[in-house]
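Each chain, written out:
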Amino acid sequence: MDNIQLTIDGQVVQVPSGSTLMAAARIIGVDIPLICYHELTTSEGICRQCVVEVEGRRVLQPACVTEAQPGMVVYTTSERVIRSRRTILEMLSAIVDLQDAPELQRQMTTYEANPERFAEAEKRGQPLIDDNPFYVRDYHKCIQCWRCVQACANDLQFTYALAIGGRGFNSHITTFFEKPLPETTCVFCGNCVAVCPTGALKGKFEFLLEEEITISNLSDTNRNQKRVRDGNNSS
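Everything numeric here is computed off the predicted structure, so don't read it as measured data.

Visitor: Even after reading the chapter, I still don't get the sheet that holds strand β10 (residues 201-203), so can you show me in this structure?
Guide: Sheet strands pair by backbone hydrogen bonding; their relative direction is either parallel or antiparallel. Ordered in space as β6-β7-β10, the three strands form an open sheet in which the pairing is antiparallel. The open sheet has two free edges, formed respectively by β6 (128-129) and β10, since each of these has just one partner strand. By the bridge criterion, three bridges tie strand β7 (residues 135-138) to β10 in an arrangement that is antiparallel. Counterpart to Y135 in the pairing with β10 is G203.

Visitor: What is the right way to read the environment of P180 from this model?
Guide: Counting through the fold element by element, P180 comes out in the loop between β9 (172-175) and α5 (191-195). The exposure class of P180 is partly exposed, given its relative accessible area of 32%.

Visitor: Please clarify how the packing of aromatic side chains should be interpreted in this entry.
Guide: For any two aromatic rings, the description comes down to two numbers: the centre-to-centre distance and the angle of the planes. Counted according to the given criterion, the structure contains two aromatic pairs. Their ring planes at 40° and their centres at 4.9 Å tell us that F134 and F188 sit as a pair that is tilted. Residue F134 is found in the loop between β6 and β7, and its partner F188 is found in the loop between β9 and α5; the two are separated by 54 residues along the sequence. Its relative accessible area of 24% is what places F188 among the partly exposed residues. Relative to F188, the ring of Y135 lies with its centre 6.3 Å away and its plane at 65°, an arrangement referred to as edge-to-face. Taken as a pair, Y135 in strand β7 and F188 in the loop between β9 and α5 lie far apart in primary sequence, 53 residues in all.

Visitor: What should I look at first to understand helix α3 (residues 102-110) in this one?
Guide: Residues spaced three or four apart along an α-helix face the same direction, because each turn holds 3.6 residues. What α3 keeps buried is the set L104, Q107 and M108. Taken around the axis of α3, the buried residues stretch over an arc of 105°, which confines them to a single face. In α3, the exposed positions that point more than 90 degrees away from the buried face belong to P102 and T109. Check the buried side of α3 and you find it contacts α2 (79-95). Among the residues trailing α3, E112 stands out with phi positive, at a value near 50°.

What counts, and where the lines are drawn
- Residues numbered from 1 in each chain as written.
- Predicted model: local features only at pLDDT ≥ 70, side-chain atom pairs only at ≥ 80, totals over all residues.
- Heavy atoms only, no water.
- Pairing = 2+ DSSP bridges.
- Helix = DSSP H or I, 4+ residues; strand = E, 2+ residues; numbered from the N terminus.
- Buried < 20%, exposed > 50% of the residue type's maximum accessible area, 1.4 Å probe, protein only.
- Phe/Tyr/Trp six-rings, centres within 6.5 Å; stacked < 30°, edge-to-face > 60°.
- Arc of directions from axis to C-beta.
- Contact = heavy atoms within 4.5 Å.

Encoded structure:
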């Protein structure tokens, strides 16, 4: 495969043809912030947090999906780029609970984002869903990065239990026909929980401990849930 040459933040870099700008930046040690990108899922460029400025292009380009071209001149920390990343974080903070998202909290500090900038914005109020013995779904913390949907589908598990529902502001991660997880094709592999960046999907044991439920109470809870499941299966 032929190599191409481009310039990133004043540094000349050579990369294999077909490489993304993100891959090119990593070669020279340039750290581009991420939200929706994950090495095990398909890059979609949804969140736009990885945008960079490319000379000659009118709009900022998502580095995770933009292919490097010969002679490109790229800026990863220009004023436009920093302002865009800061605004994205501020908008997310306005509508989603990010307290369990350490990487996003780090980015908030790095880009000096003000979580109160859009204080009047309407919150994405979603109820916590506890419908299975293995993990909970707290979509109040969901930023809709699609990682869980991709992991459940072609990228990892091929079970297609999770999907995207609604439109616009009311779009959300769900199951097909809004069914409880035990009634879907979910095999409770845990891949969706593993790739979630915000704690919207969390293991049941971890969740209960965070709620300060004791081991004794946890055992009682598990036994009660088992009785309920056994009763439902026998009816």
